[in-house]
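# Descriptive structure summary
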Amino acid sequence: MGLPAEISALPATLALAASAVALGLVAGWPAGVACGVFQFAGRRLALALLLLPLLLPSFLFAIGLSMLRLGLRLPDVAPFSGLTGCVWAHGALTTSLAAWGALLAVRGISGSQADAALIAGGEATLWRAALRLAWPSALAGALLGGAIAAGDSGPGVLLGWPTAAGEILAAFAARYDFAEAVRRSLALGAVTLAAALAVARSGAFALETAVTARDPSRAFARRVSPFGRTAGLAVCAIALLICLLPLAGLLLPLLRATDFVRAWSEVIRTLGPTICYSLGAGLIACAAAWPLAAWAHRRYRRERWLLVVMLALLALPAVLPALGWVRLANAAPAVLDPLVRGRFAVALILALRLLPVAFVLALRRWSAMPRSWRDAAALHGVPRIALLRRIVLPHQLPGIALALGLVALLAAAEVTIVLLLHPPGAASLPLAIFTIMANAPEALVASLCLCYVAPVLLAALALPHAFSALR
Amino acid sequence: MKHWLCALAFGIAAAAQLGAAEVVVYSSVDDVFARPIAERFQKQTGIEVKLVPDTEETKSTGLVNRLIAEKKRPQCDVFWSGDPVRAGILKSKGVSAAYESPAAAGLPPQFSDPEHHFTSFSTRARVIIYNTNLVAAGEVPRSVRDLANPKWKGRACMANPLFGTTSMQAAAWFETMGDEAARAFFAALTANDVRILSSNGEVKRRVAAGDFAFGLTDTDDAIGAMAEGKPVNFVLPDQDGAGTLLVPNAAVLIAGAPHPDTARKFIDYLLSAETERALAQSEATQIPLRAGVPGPSKLPPLAEIKALPVDYAKLVTRLEALQAGFLKEWASQRK
């Protein structure tokens, strides 16, 4: 009798996670720095494309790669299947996280710091300094993506690479042993958690520096130069190759046939629950994150520890809280079913999963509010309620709106939690795509994917603009 | 305060109960095939059908698992299973209840549970799908044993035998060949480099794309690919040998179902000749079990198919043992 499959799959899982992290760093780190330092044509589109892996489920990238290969009649070899295929599918996320981490760090450089670097050694010195500054954030982002990849079974199952998460899912689906699935998920969760904690502890300081924008001096103006244009071309190529190409595979069948009538009926059927889950998750996450961030901000030990906890929470397999909630709901009295088995429960667990995102944005917003406002209000005897209503809330609202939108988009992309918890007859749109893609005609699947990807791309185009408006 | 919360929760629950008549159906049948049937029932009876479909493609944790997890307080009324084995597993786990439907008259009893925990209707068949550009007319594989034929080494594929109808196929091989011969057959599959893919849908796609000359899948996959104009065709294997494995649907009443009356009505509808006719004429292209109901044009009627003689009730225990042991190890070694 050999080792349990999920244990023997650990080396393959680690190889996948490490390769995805490496790809994320090689592609995402310089791409994020280039987007932060230079102004170039296509920058906004490239940033939107680099956001897509955060907003779309990983299984779409894996299936897209598979369909791209079949559509182009290429052989079943690297880079479309096996380890390289999985690295490509997961690498989209690690690249995205590394790039955005780097971008956030670079945008913390003030105008005077940039001027000093330019005087000291020109653009090359600024570029090197920005790369050095962005390294911890990019590394933390890529490692977080790697931890998420290690706990995600989808691409491995679809592209033929054995992972521990895939083996757990296989054992669960084949043996119908709920308790065993929970035990095994906890075991994998513990491994992921340990890795995530190590990453989070080392990366939390960099992240804290990146998100708590306490430097009120002007950010430096992005530069326009020949080097910047070349770097911009490279960024666009990275975004197209890593993030867009797999999705293009999903849409290839549209060249032969479309089925927008049926796709639209699916969209109509699932629109209500999708909006309910995603907006509900956004509202709950914001309601929890803002007071928590208010309690922690400017108390640096608290800030850092909460960031560690949040990053670890994000790295845990999504199936864990869902399985736990199923257990809890079964043990609860029937009278509570509308709460524990309804749409609210789905939104609640999604919010718990995505709380870290809202928390980071909340922390950033609280930190951008000058302490002097509160001191002045105290000095003039302004009542707390009035301060909250007239000053604090208007200042926080843009941040809350952004967090709500971002959490809602991320929640809409989550499939595992919705699959396990959604009340009968209330599937979300990504879940509908997930459940029909095996046997539905290609034209229908492709039409549905377009109905989903197009609005997400539009949102991704708007989000960086909204984020920069927060500064 | 506590009383107020209880009253509020009770009020919400009561309000939820006051809605229109409904039936909650979990279905492992593909959504595109199950939903039109559910909508037709809803139109005829006014009973709202809340359908929860499943997927084989990405190895979801599965509706059977969800049903087992919800056993103490089920949300589901009816499980519409794509095969009788999953239905049998629910019986063995104490999740199903007996229901002898009057609508089952005319359905052959050998596909159903003698204690009426599941009743089978319209069937698919396990078929060999082949690429017409890669397999000459005179060389078409006619038997599942061709998977182990050295002539096709590295050119054949099948789905993971831990899941879906392929798991049922594997259990049927053990049941009909005997343990020793079945293990030898699986060893021969390994030696012949038969590729294990994620699902029957993937088998269809990869054969259609020319990655493999042929593979083992279900009738609906093969006929669906043909309808999309792919260069594929299919054969019912072993028609001059042991026979083709049939995979009928099964309707299961869930024990403690929240809406037992509407559940029985839905099961009656599933077992009716009308549903068998609809499943035959739709993209599902399923063969009616009832004599006299017209079948799909691309498949012969049930009476003309030599079926693999298996006891579907026995397959359940066989499959449970295999999935925990031999198949699990074999599948993980094949990756």
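Each residue is numbered by its place in its chain's sequence as written, counting from 1. Ligands are numbered from 1 and chains lettered from A, in the order in which they are written. Local features in a predicted model are, by the rule used here, given only for residues with pLDDT of at least 70; side-chain atom pairs are given and counted only at 80 or more, and totals for whole chains, interfaces and linings are based on all residues. Just so you know, side-chain values use all the structure's heavy atoms and leave hydrogens and water out.

Our next topic: the domain arrangement of chain B. All names here are of chain B. Domain start and stop positions are those given by an automatic or database domain assignment. Partitioning chain B into structural domains gives domain 1 (2-123 + 247-303) and domain 2 (125-245 + 316-333). Summarising the inter-unit geometry, the C-alpha centres of domain 1 and domain 2 are found 28 Å apart. By definition, the buried area sums, over both parts, the 1.4 Å-probe accessible area that each loses when the two are put together. Carbon and sulfur atoms make up 64% of the area that domain 1 and domain 2 hide from each other, which totals about 1,800 Å². What makes a salt bridge here is a side-chain nitrogen of Lys or Arg within 4 Å of a carboxyl oxygen of Asp or Glu, nothing more. Linking domain 1 with domain 2 are 0 salt bridges. Here a polar contact is recorded for every N or O atom pair within 3.5 Å, except that within protein the pair must consist of a potential hydrogen donor and a potential acceptor, and residues adjacent in sequence are included only if both atoms are side-chain atoms. Our enumeration of links across domain 1 and domain 2 arrives at 2 residue pairs in polar contact (both at pLDDT 80 or more). Among the elements that take part in the side of domain 1 that touches domain 2, helix α4 (residues 84-92) stands out by supplying 6 residues, more than any other. By the convention adopted, Pro, Cys, Tyr, Trp, Phe, Met, Ile, Leu, Val and Ala count as nonpolar, Lys, Arg, Asp and Glu as charged, and the other residues, Gly among them, as polar. Classifying every residue of the side of domain 1 that touches domain 2 gives 8 nonpolar, 4 polar and 8 charged. Each helix is a run of H or I in the DSSP string that is no shorter than four residues. Each strand is a run of E no shorter than two, and both are numbered from the N terminus.

Here the focus is the side chain of Ser27(B). All names here are of chain B. Note that Ser27 resides in strand β1 (residues 22-27). Working definition: with a 1.4 Å probe on protein chains only, accessible area under 20% of the residue-type maximum means buried, over 50% means exposed, and in between means partly exposed. In this structure Ser27 comes out as buried when scored by relative accessible area, which is 0%. Here Val29 takes part through its backbone nitrogen, which lies 3.1 Å from a polar atom of the side chain of Ser27. Ignoring any residue separated from it by four or fewer positions in sequence, one finds Ser27 in contact with Ala34, Leu51, Val52, Pro53, Asp54, Leu63, Phe79 and Trp80. Residues count as neighbours in contact if any of their non-hydrogen atoms are within 4.5 Å of one another.

What we call a nonpolar core is a set of buried Ala, Val, Leu, Ile, Met, Phe, Trp, Tyr and Cys residues that are connected through their side-chain atoms within 4.5 Å. Among the nonpolar cores identified, the biggest contains 252 residues, and Trp80(B) and Trp173(B) are the most heavily contacted of them. Sorting elements by how many residues they give to this core places helix α15 (residues 343-367) of chain A first, with 15 residues. When residues of this core are assigned to domains, at least three map to each of domain 1 (2-123 + 247-303) and domain 2 (125-245 + 316-333) of chain B. With near-sequence residues (within four places) excluded, Trp173(B) lies in contact with Val144(B), Leu147(B), Met158(B), Gly178(B), Ala182(B), Phe185(B), Phe186(B), Leu189(B) and Leu216(B). With 6 residues, the next largest nonpolar core counts Leu97(A), Leu144(A), Leu311(A) and Leu314(A) among its residues.

Residue and element names in this part refer to chain B. Put simply, two rings from Phe, Tyr or Trp (the six-membered ring, in Trp's case) pair if the centres are within 6.5 Å, and we call them stacked under 30 degrees between planes, edge-to-face over 60, tilted for the rest. For the structure shown, the criterion picks out 18 aromatic pairs over all chains. Taking 5.4 Å as the distance between ring centres and 55° as the angle between the ring planes, the aromatic pair formed by Phe41 and Tyr269 counts as tilted. Within this pair, whereas Phe41 is found in helix α2 (residues 31-45), its partner Tyr269 is found in helix α9 (residues 260-270), the two being separated by 228 residues in sequence. Across this residue pair, the class does not change: Phe41 and Tyr269 are buried. Centroid distance Trp173 to Phe185: 4.9 Å. Interplanar angle 85°. Geometry classified as edge-to-face. Of this pair, Trp173 sits in helix α5 (residues 164-177) while Phe185 is found in helix α6 (residues 179-191), placing the two residues 12 residues apart along the sequence. Phe185 matches Trp173 in its accessibility class, with the two residues each being buried.

Here we come to the pairing of strand β3 (residues 78-81) of chain B. Look at any regular strand and the pattern is simple: side chains alternate between the two faces of the sheet. All names here are of chain B. Side chains of β3 alternate between two faces, with Val78 and Trp80 and Phe79 and Ser81 buried alike. The sheet contact formed by β3 and strand β10 (residues 246-254) spans 4 bridges and is antiparallel. For Phe79, the partnering residue across the bridge sits in β10 and is Val252. Here, any two strands with at least 2 DSSP bridges between them count as paired.

Throughout the structure, instances matching the rule amount to 26 salt bridges over all chains. Here Arg124(B) makes a salt bridge to Asp218(B), at a shortest N to O gap of 3.2 Å. Separated by 94 residues along the polypeptide, Arg124(B) in strand β5 (residues 119-131) and Asp218(B) in strand β8 (residues 214-218) bring together distant segments of the chain. Each member of the pair, Arg124(B) as well as Asp218(B), carries the same accessibility label: buried. Here the salt bridges do not stand alone but share partners, grouping Arg69(A), Glu202(B), Arg205(B), Arg206(B) and Asp211(B) into one network.

All names here are of chain B. Positive phi is not limited to glycine here, since His116 has a value of about 65°. For His116, the location among the structural elements is in the loop between β4 (96-97) and β5. Although it is not a glycine, Asp238 sits at a positive phi angle of roughly 60°. For Asp238, the location among the structural elements is in the loop between β9 (232-235) and β10.

Time to look at the environment of Asn249(B). All names here are of chain B. With respect to the secondary-structure elements, Asn249 resides in strand β10. Residue Asn249 is classed as buried on the basis of its relative accessible area of 1%. Taking C-alpha positions, Asn249 is 22 Å from Ile47, a pair spaced 202 residues apart along the chain. Residues contacting Asn249, with those up to four places away along its chain left out, are Val29, Trp80, Ser81, Gly82, Thr119, Ser120, Phe121, Ser122, Thr123 and Gln286. A distance of 3.0 Å separates polar atoms of two side chains, one belonging to Asn249 and the other to Trp80.

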